[in-house]
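Analysis of the macromolecular model
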Amino acid sequence: MKSAVETLNPTRVRLTVEVPFEELKDSLDAAYKKINQQVTVKGFRKGKIPARIIDQRFGRGAVLEEAVNDALPKFYQDAVNEAELSVLGQPEVDITELKDGETLNFTAEVDVRPALEIPDYSGIEVEVDAVEVTDEDIEKSVEQLRERFASTSPVERAAEDGDVVTIDLEAKVDGEVLEDGIASGVSYTIGSGELLDGIDDAVKGLEAGGEATFTSELKGGSAAGKESEVTVKVTQVAARELPELDDEFAQLASEFDTLDELKADSRKRLENMKQYDQATQAQERVLEKLLELVEVPVPEKLLEDEINTRKHNLEHHQLAQMGLTLDKYLEIQGTTAEEFETETREAAVKGIKTQFVLDELVKSEKLNVNQEELTEHLMRRAASSGMSPDQFAQAVVEGGQVPLLVGEVARGKALAVVVEAATVKDTNGEIVDLDDEDEAETATETVEAAEAAAETPAEEKTEG
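Residues numbered from 1 in each chain as written. Predicted model: local features only at pLDDT ≥ 70, side-chain atom pairs only at ≥ 80, totals over all residues. Heavy atoms only, no water.

Per an unreviewed UniProt entry, the chain is named Trigger factor, and its organism is Streptomyces brasiliensis. Per UniProt, the chain has the following entry under Catalytic activity (unreviewed entry): "[protein]-peptidylproline (omega=180) = [protein]-peptidylproline (omega=0)". (UniProt positions renumbered as here; feature names shortened; annotations may be inferred.)

The structure is reproduced here in structure tokens:
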């Protein structure tokens, strides 16, 4: 077999392959064997029909077609390997010549990963928020904990902000009560915003036994997104009572003996959270700077496939689960269809560029993923998917997704290398020394977010 490569553009090549006919022997034998099992000829046992009889009865062309279809994938892959191409997606194959007993010639056009030059990235500088925990932050954190330990007691008065009311609901659309539009004994804290728009104004001022009707757009259920006439009846009003902020509360709400110890722990936890946010912010901004440094051509077909996948996942998975159409979602977001298309394309471009650049860094920096790193990543992915580690691992193996997970970890390590080389300062002008221990895993999460672009996650489509 002989092959040659012609570069059509930075992301697409044409392979020209010439195959001597003798190299088709195995595929021809397999074709005769397959046809033997599929047909019957009087006077011959099934599977024992001579090749010349098959040629006479069914035509040599049928055999050649079967043999070529069988052989093409192997010859194509051999040509790809010989040229050391990193292909993306499926090729467009054209058989240019097939002479029985002489030769098989074909071309294959396919997208490839572009050759990238990663410049010196040690000069990257970014600014991030300073880690500052104020007394106000501590008070807010303790107050939230205090809210969790609030008690309630029924009162005989009109409902006010912060009260917990027990209510019955009935929703109608076009005058008809919905099958899933009735709920009884619902507990609701006025002002929490956890139910329907307009319910706070409807129940405030009502005593037990009081009733009101209001109009609201349903957020879920069979009539999600539709205007509904909702009747709410208050069956009980209860006032919330917060515990006193003292050592006794600290002992009730935590493992600490004093309120001062509880506040000190709150400060430490808030600092850890802000340090994590700071590290994530640094990684996101370093990645943005890195992408600006590298010229990355994006294969058009790959981009279109990625855009379509993102739109399909949003419309048929995420929005479908919420009972929303794409049009209704855009209306809620205050976004036009044109703006949505632009944002989706930009997100897809960023995702593809991120993967290309970091994969190139993985190669140039000779980064490897060990079993411990892969296991840790798998555990985190399992937790976020709601599956047990064993279930998730089985699904990954059965789906042939192990290389994808390895790629995610490797790209996270590549970003961590760039972040380590960059200069990161906070808004106070202080150099930020990021914690190396968790940096790679945090960077993996940052990479995943950049590739998925949050609102319209797409499955990875760039492995050939």
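**So, the overall build of the chain**
If you tally the helices and strands in the chain, you get 14 helices and 11 strands. The globule rule puts the C-alpha radius of gyration for 464 residues at 23 Å, and the 32 Å found for the chain is more than 25% above it. Projected onto its principal axes, the C-alpha positions of the chain cover 100 × 65 × 45 Å. Buried residues in the chain amount to 39% of all 464 residues. Within the chain, residue pairs in contact and separated by at least 24 positions form 71% of the contacts whose partners lie at least 6 positions apart. (Helix = DSSP H or I, 4+ residues; strand = E, 2+ residues; numbered from the N terminus. Rg over C-alpha atoms; globule rule 2.2 N^0.38 Å. Buried < 20%, exposed > 50% of the residue type's maximum accessible area, 1.4 Å probe, protein only. Contact = heavy atoms within 4.5 Å.)

**What about unusual backbone geometry?**
Although it is not a glycine, Glu84 sits at a positive phi angle of roughly 55°. Within the fold, Glu84 resides in the loop between helix H3 (60-83) and strand E3 (87-99). Taking relative accessible area as the criterion, Glu84 reaches 71% and is therefore assigned exposed. Its identity as a non-glycine residue notwithstanding, Lys366 has a phi of 55°, on the positive side. Tracing the chain through its elements places Lys366 in the loop between helix H10 (337-364) and helix H11 (371-385). Taking relative accessible area as the criterion, Lys366 reaches 67% and is therefore assigned exposed.

**A few points about the UniProt feature "domain: PPIase FKBP-type" (unreviewed entry) in the chain**
Per the UniProt record, the feature "domain: PPIase FKBP-type" (unreviewed entry) sits at residues 162-215. The straight-line gap between the two end C-alpha atoms of residues 162-215 is 22 Å; of that span, 9% is helix and 54% is strand.

**Topic: the sheet that holds strand E1 (residues 2-9)**
Spatially, four strands are ordered E1-E2-E4-E3 in an open sheet, and the strand pairing comes out antiparallel. The open sheet has two edge strands, E1 and E3, and neither has a second partner. On average, each strand axis in the sheet is tilted by 20° relative to the strand beside it, whichever way the strands run. Relative to strand E2 (residues 12-20), E1 runs antiparallel, the two sharing seven bridges. Within the sheet, the bridge partner assigned to Val5 lies in E2 and is Leu15. (Pairing = 2+ DSSP bridges. Axes fitted to C-alpha atoms, helices over the stretch in contact; angles between N-to-C directions.)

**What to know about helix H9 (residues 326-333)**
All of the buried residues along H9 are Leu326, Lys328, Tyr329 and Leu330. Buried-residue contacts for H9 involve strand E9 (211-217), helix H8 (300-321) and H10. Phi turns positive, to about 70°, at Gly334, one or two residues after H9.

**Details of the pairing of strand E10 (residues 227-241)**
Two elements, strand E6 (residues 151-154) and E10, share four bridges in a ladder whose sense is antiparallel. Following the sheet pairing, Ser151 is matched in E10 by Glu241. The sheet contact formed by strand E7 (residues 164-173) and E10 spans nine bridges and is antiparallel. By the bridge assignment, Asp168 is partnered in E10 with Lys233. Pairing of E9 with E10, which is carried by seven bridges, proceeds in the antiparallel orientation. Within E10, the residue paired with Phe214 across the bridge is Val230.

**Regarding the nonpolar core**
Nonpolar side chains tend to gather and get buried jointly when the protein is soluble and globular. Ranked by internal contacts, the top residues of the largest apolar core, which has 39 residues, are Ile124, Leu290 and Leu358. Elements represented by at least two residues in this core include exactly strand E5 (125-128), helix H7 (259-293), H8, H10, helix H13 (402-421) and helix H14 (436-452). In this structure, Tyr32, Val63, Leu64 and Val87 belong to the second largest nonpolar core, which totals 31 residues. (Core = buried A, V, L, I, M, F, W, Y, C linked by side-chain atoms within 4.5 Å.)

**Digging into the packing of helix H1 (residues 25-38) against helix H2 (residues 51-58)**
Orientation of H1 relative to H2, taken along the N-to-C sense of each, is 70°, at an axis distance of 11 Å. Here H2 runs roughly perpendicular to H1, going by the angle between their axes. Of the two possible hands of crossing, H1 and H2 adopt the one that is left-handed. In this structure, H1 contributes Tyr32, Ile35 and Asn36 to the contact, and H2 contributes Ala51, Ile54 and Asp55. Taken together, the residues of the contact of H1 with H2 break down into four nonpolar, one polar and one charged. (Parallel < 35°, antiparallel > 145°, perpendicular 65-115°, else oblique. Left-handed = near helix turned anticlockwise from the far one by under 90°. Nonpolar A, V, L, I, M, F, W, Y, C, P; charged D, E, K, R; others polar.)

**Observations regarding the packing of aromatic side chains**
In total, this model carries one aromatic pair according to the counting rule given. Ring plane angle 90° and centroid distance 6.2 Å describe the contact between Phe149 and Phe249, whose orientation is recorded as edge-to-face. With Phe149 in the loop between helix H4 (135-148) and E6 and Phe249 in helix H6 (residues 247-253), this pair connects stretches of sequence that are 100 residues apart. Residue Phe249 is classed as buried on the basis of its relative accessible area of 2%. (Phe/Tyr/Trp six-rings, centres within 6.5 Å; stacked < 30°, edge-to-face > 60°.)

**Thoughts on the environment of Phe356**
Inspection of the secondary structure assignment puts Phe356 in helix H10. Note on Phe356: relative accessible area 2%, which makes it buried. Distance in space between the C-alpha atoms of Phe356 and Leu291 is 10.0 Å, their sequence separation being 65 residues. What Phe356 contacts, discounting residues up to four positions off in sequence, is Leu88, Arg113, Pro114, Leu116, Val296, Pro297, Pro299 and Leu302.

**Notes on the pattern of salt bridges**
Applying the stated rule across the entire model yields 33 salt bridges. For Asp163, the salt bridge goes to Arg157, with nearest N and O atoms at 2.7 Å. A relative accessible area of 4% means that Asp163 is categorised as buried. The class for Arg157 is partly exposed, based on a relative accessible area of 26%. Measuring nitrogen to oxygen at the nearest pair gives 3.0 Å for the salt bridge that ties Arg310 to Glu306. Of this pair, Arg310 and Glu306 both sit in helix H8, four residues apart, which is roughly one turn of the helix. (Salt bridge = Lys/Arg side-chain N within 4 Å of Asp/Glu carboxyl O.)

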